[in-house]
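Listed below are the residues making up each chain.
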Amino acid sequence: MNFLSLILAIIAGGVGAGLRYSATVFAPAKKDRFPFAIFVVNAVGSLLVGLFTALLANALVTPEVAFVLVAGFCGGLTTMSTFAVDSIERLRAGHWMVAGLNIVGSTAVGLLAVGSGYLLGGGPLS
């Protein structure tokens, strides 16, 4: 990795974080409801991570470009910490079903999205 890649990853991370924030402003989460905004940005980010990883595996992007896109943009867009806070807040408020759906659904969709992105990018299956 070179210095330019680091600077570009920082910028891309800011863009990703800005999009994540915009999603939460557009669709704010209420403690008794499913946190759709964070669910969607995490699913989209996971799909993109899978896609970018496959592009790297197929030598369609350089390691530097993959770093900027995965660590920078997707790292800024997705958020494990907000997912965890959303889940804990719902548990503390007694909304067990919503919290459980968020935990199980986010994990399952994240894994499926990464796998789907990887396949879309032509990633090898073995």
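Above: the structure in question.
Residues numbered from 1 in each chain as written. Predicted model: local features only at pLDDT ≥ 70, side-chain atom pairs only at ≥ 80, totals over all residues. Heavy atoms only, no water.

Draft legend 1. Inspection of helix α2 (residues 36-57) at higher detail. With 22 residues, α2 extends 31 Å between its outermost C-alpha atoms, agreeing within 8% with the 32 Å of an ideal straight helix rising 1.5 Å per residue. One or two residues past the end of α2 sits A59, with phi positive at roughly 60 degrees. (Helix = DSSP H or I, 4+ residues; strand = E, 2+ residues; numbered from the N terminus. Expected span 1.5 Å × (residues − 1).)

Draft legend 2. Local environment of the nonpolar core. Among the nonpolar cores identified, the biggest contains 13 residues, and V41, L48, F52, F73 and C74 are the most heavily contacted of them. Contributions of two or more residues to this core are made by α1 (3-26), α2 and α3 (63-77). At 6 residues, α2 tops the list of elements feeding residues into this core. In contact with F52, not counting residues within four places along its chain, are V61, L69, V70 and C74. (Core = buried A, V, L, I, M, F, W, Y, C linked by side-chain atoms within 4.5 Å. Buried < 20%, exposed > 50% of the residue type's maximum accessible area, 1.4 Å probe, protein only. Contact = heavy atoms within 4.5 Å.)

Draft legend 3. Highlighting unusual backbone geometry. The phi torsion at A59 lies on the positive side, around 60 degrees, for a residue other than glycine. By secondary structure assignment, the location of A59 is in the loop between α2 and α3.

Draft legend 4. Fine view of the layout of surface pockets. Its boundaries defined by the atoms lining it, the largest pocket holds a volume of some 290 Å³. As for the largest pocket, its lining consists of 17 residues, of which N42, S46, M80, S106 and G110 are closest to the centre. Contributing elements (two or more residues each) for the lining of the largest pocket: α2, α3, α4 (80-92) and α5 (96-120). No other element matches α2, which puts 6 residues into the lining of the largest pocket. Taken together, the residues that form the lining of the largest pocket break down as 8 nonpolar, 9 polar and no charged. (1 Å grid on protein atoms, 1.4 Å probe; cavity = no way out; pocket = protein on both sides within 12 Å on 5 of 7 lines; lining within 4 Å. Points joined across faces, edges and corners; volume = space filled by probe spheres on them. Nonpolar A, V, L, I, M, F, W, Y, C, P; charged D, E, K, R; others polar.)

Draft legend 5. The pattern of salt bridges, seen in detail. Tallied over the entire structure, the rule returns 3 salt bridges. Residue E89 pairs with K31 through a salt bridge whose shortest N-O separation is 3.3 Å. Taken together, the residues E89 in helix α4 and K31 in the loop between α1 and α2 connect sequence positions 58 residues apart. Across the pair D32 and R33 runs a salt bridge whose closest N-O atoms are separated by 4.0 Å. Using a relative accessible area of 38% as the deciding quantity, one classes D32 as partly exposed. (Salt bridge = Lys/Arg side-chain N within 4 Å of Asp/Glu carboxyl O.)

Draft legend 6. Fine view of a nonpolar patch on the surface. On the surface, M1, F3, L4, L6, I7, L8, I10, I11, V15 and L19 cluster together into a nonpolar patch covering about 990 Å² of accessible area. Within the fold, M1 resides in the segment before α1. The class of M1 is exposed, set by a relative accessible area of 66%. (Patch = residues over 30% accessible without salt bridge, like charges linked within 9 Å, V, L, I, M, F, W, Y side chains within 5 Å. Areas by Shrake-Rupley, 256 points an atom, 1.4 Å probe, with all protein chains shown as cover.)

Draft legend 7. Molecular detail of α3. Counted at 1.5 Å a residue, the expected span for α3 with its 15 residues is 21 Å, and the 20 Å between its end C-alpha atoms agrees. Among the residues of α3, those classed as buried are A66, V68, G72, F73, C74, G76 and L77. For α3, the elements touching its buried residues are α1 and α2.

Draft legend 8. How the structure looks around the packing of aromatic side chains. Counted under the stated rule, the structure contains 2 aromatic pairs. Where F34 meets F39, the ring centres are 5.1 Å apart and the plane angle is 70 degrees; that geometry is what we call edge-to-face. Residue classification places F34 among the buried positions, given a relative accessible area of 14%. (Phe/Tyr/Trp six-rings, centres within 6.5 Å; stacked < 30°, edge-to-face > 60°.)

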